[in-house]
Amino acid sequence: AVQPDGKIVVAGFSSDPPGTAVFRYLSDGSRDPSFNQGFGGFAANLTGAVGEFASGVAIQSNGGIVLAGSNSTSFYAARIGAPRLVTPTQLRFSSTRVGRTSKPQSLTLSNPGGAMLTDLQIRMLGSGRRDFQLLTPDETIAGGATVSRQVKFKPRRKGVRITDVQITTANAGSATVRFIGRGR
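Please read these numbers as outputs of a predicted model, since none were measured by experiment.

Thresholds applied
- Residues numbered from 1 in each chain as written.
- Predicted model: local features only at pLDDT ≥ 70, side-chain atom pairs only at ≥ 80, totals over all residues.
- Heavy atoms only, no water.
- Helix = DSSP H or I, 4+ residues; strand = E, 2+ residues; numbered from the N terminus.
- Contact = heavy atoms within 4.5 Å.
- Pairing = 2+ DSSP bridges.
- Polar contact = N/O pair within 3.5 Å; in protein donor to acceptor, adjacent residues only side chain to side chain.
- Core = buried A, V, L, I, M, F, W, Y, C linked by side-chain atoms within 4.5 Å.
- Buried < 20%, exposed > 50% of the residue type's maximum accessible area, 1.4 Å probe, protein only.
- Patch = residues over 30% accessible without salt bridge, like charges linked within 9 Å, V, L, I, M, F, W, Y side chains within 5 Å.
- Areas by Shrake-Rupley, 256 points an atom, 1.4 Å probe, with all protein chains shown as cover.
- Salt bridge = Lys/Arg side-chain N within 4 Å of Asp/Glu carboxyl O.
- Lys, Arg positive; Asp, Glu negative; His and termini not counted.
- Charge placed at Lys NZ, Arg CZ, Asp CG, Glu CD.
- Axes fitted to C-alpha atoms, helices over the stretch in contact; angles between N-to-C directions.

A.B. asks: Help me out: how do you make sense of the environment of Asp-131 in this one?
C.D. replies: Within the fold, Asp-131 resides in the loop between strand E9 (121-125) and strand E10 (132-134). Residues Asp-131 and Pro-155, 24 residues apart in the sequence, show an inter-C-alpha distance of 4.8 Å. Not counting residues within four places of it along the chain, the set of residues in contact with Asp-131 comprises Lys-152, Phe-153, Lys-154, Pro-155, Arg-156, Arg-157 and Arg-161.

Below you can see the structure in the form of structure tokens.
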């Protein structure tokens, strides 16, 4: 099956360890080092039965991989790798003098899914967006990985300062995180 980004996913049988084998290749035919922590693929006994192998593979719109196959006793379908974006709902900063920079906080983005989360985009919205500084994270987050970026608050004026941070991805939806601080 070919993913929207041109990468090719194949599935079949592995004898060591015995079970279903799944590999992903780049469009040039080389193994994709970003799939399954640099190995390019994996082999696992998904059903626990003898003689398991995959005979079909499809790609879902969210990047999840669907396998169809059989073993010595039955047919199976398994979904692997659907990415997910997990974020906090807000970050609160302590009261900070106008023009000074607060102690940094960490914005942690997680992808507990099995596939890579792709095309990460971040936009700061609202009148307080210039009061917060965020180091932009990578455009991708590997399956099972977490990335953290520092956020600093440097108020430009007194009072409560708020910005909503919109985080979107190509294959795992979006999330919004609110940054709140008070300038004094």
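A.B. asks: It is not clear to me how the pairing of strand E12 (residues 159-168) should be interpreted in this structure. Could you clarify?
C.D. replies: Within a regular strand, side chains alternate between the sheet's two faces. In this sheet, E12 lies alongside E9 in antiparallel orientation, the contact comprising 5 bridges. Each bridged residue has a counterpart across the sheet, and for Gln-121 the counterpart in E12 is Thr-168. Note: E12 against strand E13 (residues 174-183), 10 bridges, orientation antiparallel. Bridge assignment links Val-165 to a residue of E13, and that residue is Val-177.

A.B. asks: Looking at this structure, how should I read the environment of Asp-28?
C.D. replies: The topology assignment puts Asp-28 in the loop between strand E2 (18-25) and strand E3 (41-44). Through-space distance from the C-alpha of Asp-28 to that of Lys-7 is 8.8 Å; in sequence the pair is 21 residues apart. Only 2.7 Å separates the side chain of Asp-28 from the side chain of Ser-30, close enough to count as a polar contact.

A.B. asks: I would appreciate a short explanation of the nonpolar core in the present structure.
C.D. replies: Taken as a class, soluble globular proteins show a tendency for nonpolar side chains to be buried jointly. Ranked by size, the top nonpolar core spans 16 residues in total, and within it Phe-93, Leu-107, Leu-109, Val-151 and Phe-179 carry the most contacts. Mapped by element, the contributors of at least two residues to this core are strand E8 (105-111), E10, strand E11 (145-153), E12 and E13. At 3 residues, the largest contribution of residues to this core is made by E11. If we ignore the near neighbours within four places in the chain, the residues touching Val-151 are Leu-91, Phe-93, Pro-104, Gln-105, Leu-107, Gln-133, Leu-134 and Phe-179. With 8 residues, the next largest nonpolar core counts Val-9, Leu-67, Tyr-76 and Ala-78 among its residues.

A.B. asks: Please explain a positive patch on the surface as it appears in this structure.
C.D. replies: A contiguous patch of positive charge, built from Arg-129, Arg-130, Arg-156 and Arg-157, is present on the exposed surface. Turning to its location among the elements, Arg-156 is positioned in the loop between E11 and E12.

A.B. asks: What should I look at first to understand the sheet that holds strand E4 (residues 53-59) in this one?
C.D. replies: Within a sheet, adjacent strands bond to each other through the backbone by hydrogen bonds, running parallel or antiparallel. Pairing is antiparallel in the open sheet, where 3 strands are placed in the order E4-E5-E6. Edge positions in the open sheet fall to E4 and strand E6 (75-80), since each of these has one partner strand only. Each strand axis lies, on average, 20° off the axis of its neighbour in the sheet, ignoring direction. Across 6 bridges, strand E5 (residues 65-70) lies against E6 in antiparallel orientation.

Shape descriptors only; they carry no functional weight alone.
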